[in-house]
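Here is what each chain is made of, one letter per residue.
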Amino acid sequence: MGFFPAIIKASALGRDGHMAPSDKINMIAIGVGSMGQSNLHEFLKHSEVQVVAICDVDDNHLAATKKLIDEAYGNNDCRVYKDFREILEKEDADAAMLALPDHWHAIVACSVANKKIDIYGEKPMARSIVESRAILDAVQRNEVIWQTGSWQRSHEHFHKACELVRNGRIGQVDFVEVGLPNGGHYVGNPGVRPLPEGLDWEMWLGPAPAVPFRGVVHWNWRWIDDYSGGQLTDWAGHHIDIAHWGLGLDRSGPVSIEGTGRRNNDGIYNVFAEYDFTCMYENGVKMRVANQAKTQQGMGTYWKGSDGWIHVWRGGLKASDDTILNERIGQNEIRLYKSNNHVANFLQCIRSREETITSAPTAHSAITAGLLGEIAMKTGQKLLWDPKTERFTDNNPHASRLLRRPYRAPWTLPA
Amino acid sequence: MRIKIFLAVFVAAIALVQLSCTKKPGLRALIVTGQNNHDWPRSSVILRQILDKSDIFTVDMRVSPPAGQDMSGFIIDFSPYDVVVLDYTGDDWPEETRNNFLDYVSGGGGVVVYHAASNAFPDWPEFNEIIGLGGWGGRNEDSGPYVYIEDGQVVRDDSPGRGGSHGRQHEFVVEAFMPTHPILKGLPEKWMHTTDELYDRLRGPAKNLEVLAFAFSDKDTGGSGRNEPVLMTITYGDGRIFHTALGHAGGDIFPVAMESAGFVVTLQRGAEWAATGKVTQKPPTSFPTEHQSLRWEFFEDISDLKPIVKRMQEYETGKSDDGFTILAKLIAENIGDQAKTEEYQQIILDLLTSRKTTVASKKILLKDFSWIANDAFREVFVSLERNPELADEARYALDIIGQ
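Reading the values: rules and limits
- Residues numbered from 1 in each chain as written.
- Chains lettered and ligands numbered in written order.
- Predicted model: local features only at pLDDT ≥ 70, side-chain atom pairs only at ≥ 80, totals over all residues.
- Heavy atoms only, no water.
- Salt bridge = Lys/Arg side-chain N within 4 Å of Asp/Glu carboxyl O.
- Helix = DSSP H or I, 4+ residues; strand = E, 2+ residues; numbered from the N terminus.
- Buried < 20%, exposed > 50% of the residue type's maximum accessible area, 1.4 Å probe, protein only.
- Pairing = 2+ DSSP bridges.
- Axes fitted to C-alpha atoms, helices over the stretch in contact; angles between N-to-C directions.
- Parallel < 35°, antiparallel > 145°, perpendicular 65-115°, else oblique.
- Contact = heavy atoms within 4.5 Å.
- Nonpolar A, V, L, I, M, F, W, Y, C, P; charged D, E, K, R; others polar.
- Phe/Tyr/Trp six-rings, centres within 6.5 Å; stacked < 30°, edge-to-face > 60°.
- Lys NZ or Arg CZ within 6 Å of the ring centre and 35° of its normal.
- Buried area = accessible area lost by both parts, 1.4 Å probe.
- Polar contact = N/O pair within 3.5 Å; in protein donor to acceptor, adjacent residues only side chain to side chain.

What follows is about the pattern of salt bridges. All told, the structure shown has 52 salt bridges over all chains when counted by the stated rule. Among the ionic pairs, Glu374 of chain A bridges to Arg127 of chain A, the shortest N-O distance being 2.8 Å. Pair noted here: Glu374 of chain A is in helix H11 (residues 360–379) and Arg127 of chain A is in the loop between strand S5 (118–121) and helix H5 (129–142), with a separation of 247 residues, a long-range link. With a closest N to O distance of 2.8 Å, Asp60 of chain B and Arg28 of chain B form a salt bridge. Here Asp60 of chain B, found in strand S2 (residues 57–63), pairs with Arg28 of chain B, found in strand S1 (residues 27–33); they are 32 residues apart in sequence, far enough to count as distant. One salt-bridge network, in which partners are shared between bridges, spans Arg262 of chain A together with Glu259, Arg295, Glu297, Lys329 and Glu333 of chain B.

Structure, rendered in structure tokens:
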């Protein structure tokens, strides 16, 4: 490597339109608030990556993130944009890190995939099932690498738990309980507030309904239905994903879903604060998803089989019998995808063109289960679902309307 | 002529101002919170919602610094208020605030002592006279007598022992001791309360204290075996105090004890009595029975939808949007009942077509309720699309139901 960092788009040098192994990965970042900056900290640890440009609708995010990147590289080269269309037009990137509010995921991810740029995208896949499917299709159509920010899969004890369950160490699994965080954040009914300096509110809203600024934007958008499904959809990409992985259902979905939830009585934060729903899968497995106060086990994923149980959460791994956890997985048994570092896994896959550990189909599967739960709670109905056609088998007219979210003009999902 | 027109406009403007002023409920309440061994961020909001629902209070809130922080800036002037609701147990208030509080109460101010507020300030004698009975914080026989009901009489028991305890949480019957007191008048004499912490063995000065209602604290649930006071009044100088020992708020997202219809109604009536010495609120049409508790998730009886529809109709950004939450909940709960679903669809349709419904209200209805629309909605959506203020949301609704 010479004195100057490689600034030619690496893919121009590689085979099949993709980069040669010796070159740097030119990366752009879209959405550089708290999550985006946290992800960039990880990427900056990898010398094979060169973060060349960033994009955000808030000048404050841009300034803080540019500082972070320029300080890491000892230069002043990081370019900044406020419109993702412009960064995509002007920058020649190999990879993109996306950390946007959920209501923006589909438009941006599809646009990036259409540019043949590999994507590290934050969970959940999207705000609606139709949007999530659109991302999955765009990723597959464009043959880009997709890694979801569901990093638990790259941690040893989650991997171990799933491998033990997959290999029958607790027998035939008929029930799995997924405990996610309690909701109920409350801010009441704030009035209209002056816009913070540097924030492009119109662009922040984008395809979501036009509403006046009421003091809630970064981070806390996740308690507002127009942008997020709250803790449920925020965490579906973690513990539901893990539940699916252990069950071998991470490219499938439930056939029926029913449940109940409760929102705050009033206020701008209107997602389900309490939630409790059950998914039935074609093989007879039942998955309960609820906020942790309602579960037996608290946070995490708990599989119950004919010969015991396994419970895994961020703080640990437990089984009905300690000997289960000491079991070895033999050569001829099912070996699950192994990654020790979520970001490194993405970078390796950019070179190898292999699937990542949390590829688009698995992320789509996890958020679809979560979003179906949300629709079941909103409508009060038992939903009958065909995971192959992604339609309700009884053509449920009301629930079908909630599979997608209308976009405000001029926004449309990129073809 | 010009002056006359000017005057007419001026008078009309004054009338308008007065009209909008009369909309704000007349009694002023202040909730004091910020430190508590309970979930005060949740309980204080619920107390405000309960008082708001009475439609007679305008509610302010004062939140203290966190425990252990400098309290010197926590100065409260209580004088503008008709009632002060105490949801506070923690660090001492600064002297100025303590003095202001005593002046306020003795000068005729109203106070509501809510649940763990009776644990506060064990070493402040005047405060303990105001709350009548307290618990924990080292309270014992020096704090004053135990007070309980035995054989239809109030017993003041000076025997030694700790002040303040409770057994396991459970549902229990609240029984009126003074059923004709304005706070309780017109309510059933016995009603089942939702699962709650039943305080027992409270003790304090108990001067000028009347027990309004009690509950039996069963030894089987870890209680005292006595009829413990749960609703009380105290007078201090010219001040009136309503003390409710009910309404525990622990870690639950939605504390069931505070959603008890009995807790809600007695709090609203007790606050009014403390503020004015009278109770003008009518007893509710539904109430828990001796055998069946009643949970009001929205702190009101939602079987009558009329006032709820009116709130939705008048909704403006910044006002409570709970009417929409109630409607969404009812729709989901009754989705299998065609008649009810049609009733809710009609409510939405009527609101969307009424000129009295605010633009802010119609925006929410178009956005969040179009999924439940039937065929009759389409032409309404189409016509609303011609209104520039609602065009985006009408298009959203049309998109939802399919063009």
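So much for the structure itself; the text now carries on.
A few words now on the pairing of strand S5 (residues 146–150) of chain B. Residues and elements named next belong to chain B. Counting buried residues in S5 gives four out of five residues, a clear majority hidden from the surface. Pairing of S5 with strand S6 (residues 153–157), which is carried by five bridges, proceeds in the antiparallel orientation. Bridging from a neighbouring strand, Glu150 pairs with Gln153 of S6. Between S5 and the antiparallel strand that follows it, S6, lie two residues; Asp151 among them carries a positive phi value of about 50 degrees.

This paragraph deals with the packing of helix H4 (residues 105–114) of chain A against H5 of chain A. All names here are of chain A. Viewed as axis vectors pointing N to C, H4 and H5 meet at an angle of 5 degrees, and their least axial separation amounts to 9 Å. The orientation of H4 with respect to H5, classified from their angle, is roughly parallel. Together, His105, Ala106, Ala109, Cys110, Ala113 and Asn114 of H4 and Glu131, Ala134, Ile135, Ala138, Val139, Arg141 and Asn142 of H5 make up the contact between the two elements. Looking at the contact of H4 with H5 residue by residue, the classes come out as eight nonpolar, three polar and two charged.

What follows concerns the packing of aromatic side chains. Counting across every chain of the model gives 31 aromatic pairs over all chains. Residues Tyr302 of chain A and Trp309 of chain A carry aromatic rings whose centres are separated by 5.6 Å and whose planes lie at 40 degrees to one another, so their mutual orientation is tilted. In this structure Tyr302 of chain A comes out as buried when scored by relative accessible area, which is 10%. Against the face of Trp219 of chain A rests Arg222 of chain A, its NZ or CZ located 3.9 Å from the ring centre. Geometry around Tyr146 of chain B places Arg203 of chain B over its ring, the cationic atom sitting 3.8 Å from the centre.

One frequent convention defines the size of an interface as the accessible area lost when the parts assemble. Listed as interface residues are 33 residues of chain B and, on the opposing side, 35 residues of chain A. Buried area between chain B and chain A, summed over both chains or domains, comes out near 2900 Å², and the portion from carbon and sulfur atoms is 52%. Where chain B meets chain A, there are four salt bridges. Here chain B and chain A share 16 residue pairs in polar contact (both at pLDDT 80 or more) between them. Elements represented by at least two residues in the side of chain B that touches chain A include exactly helix H2 (40–54), helix H7 (322–333), helix H9 (359–368) and helix H11 (391–401) of chain B. With six residues, H11 of chain B is the single largest residue contributor to the side of chain B that touches chain A. For the side of chain B that touches chain A, a count of residues per class yields 15 nonpolar, six polar and twelve charged.

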